[in-house]
Each structure stands twice: as C-alpha cells, then as structure tokens.
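The primary structure of each chain is shown beneath.
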Amino acid sequence: MMNARKTEIRLEECKVCKGQIASTAEVCPHCGARLKPPPTVVFLVFVIVMLVFIIFVSQL
Ligand SMILES: [Zn+2]
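The structure presented is a predicted model; accordingly, all values stated were derived computationally and were not measured.

Asker: What is the right way to look at the overall build of the chain in this model?
Answerer: Tallying secondary structure elements over the chain gives one helix and two strands in all. The helix and strand sequence of the chain, counted from the amino end, reads β-β-α. In the chain, buried positions account for 2% of the 60 residues. Across the chain, every contact between residues at least 6 apart in sequence was considered, and the portion connecting residues at least 24 apart equals 0%.

Asker: Sorry if this is basic, but what is going on with helix α1 (residues 39-58) here?
Answerer: Residues lying three or four places apart along an α-helix face the same way, a consequence of the helix completing one turn every 3.6 residues. Taking 1.5 Å per residue, 20 residues should reach 28 Å; α1 reaches 29 Å between its end C-alpha atoms and fits that length. Within α1, only zero of the 20 residues are buried, leaving the element largely exposed.

Asker: Just to check I follow, could you spell out unusual backbone geometry for this structure?
Answerer: The general pattern is negative phi for most residues beyond glycine and trans for most peptide bonds. You will see that K18, though not glycine, has its phi angle at about 65 degrees, which is positive. Take K18: there are 9 C-beta atoms within 10 Å of it, and that puts it in the exposed class.

Asker: Would you explain the environment of V16 in this entry?
Answerer: Assignment of secondary structure puts V16 in the loop between β1 (11-13) and β2 (20-22). As for V16 and G32, which are separated by 16 residues in sequence, their C-alpha atoms are 9.3 Å apart. When neighbours within four sequence positions are excluded, V16 is seen to be in contact with C28, C31 and A33.

What counts as what
- Residues numbered from 1 in each chain as written.
- Predicted model: local features only at pLDDT ≥ 70, side-chain atom pairs only at ≥ 80, totals over all residues.
- Helix = DSSP H or I, 4+ residues; strand = E, 2+ residues; numbered from the N terminus.
- Buried ≥ 20, exposed ≤ 12 C-beta atoms within 10 Å, placed from the backbone.
- Contact = placed C-beta atoms within 7 Å.
- Expected span 1.5 Å × (residues − 1).

Next comes the structure, spelled out in structure tokens:
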C-alpha cells in the first residue's frame, strides 16, 4: 500500500562512498558519483511540472 505523499527529503546511502545523501540529489556531494533516479521518479516529476504549468497557464 502506498502511504500519503510526503514532502520530506529522505536520506540514502551512496553506493560508491557509503556517505549520506539526499534522495533528491542527482550527484553525490561527497564523491561526485552520479545517482540516477528511478524512471518512475522522473515520470512523476514530469507529470507534476506539467500539471503546475497547465494550472499556471489557465490562471492567466
Ligand atoms: Zn558518494
């Protein structure tokens, strides 16, 4: 079951240097390793951006 959406930033472990990094980070701040977000996250962000854009345009 999916919980209600949370806006808090979760911490994840870097696979390269084992450092703590935000789940929203694209690049590790410790070692600079690229962290590719899962395709579902990319799709979700794209949908949210599109929704915000449509709402913004409709209010003009
Ligand atoms: Zn790292």
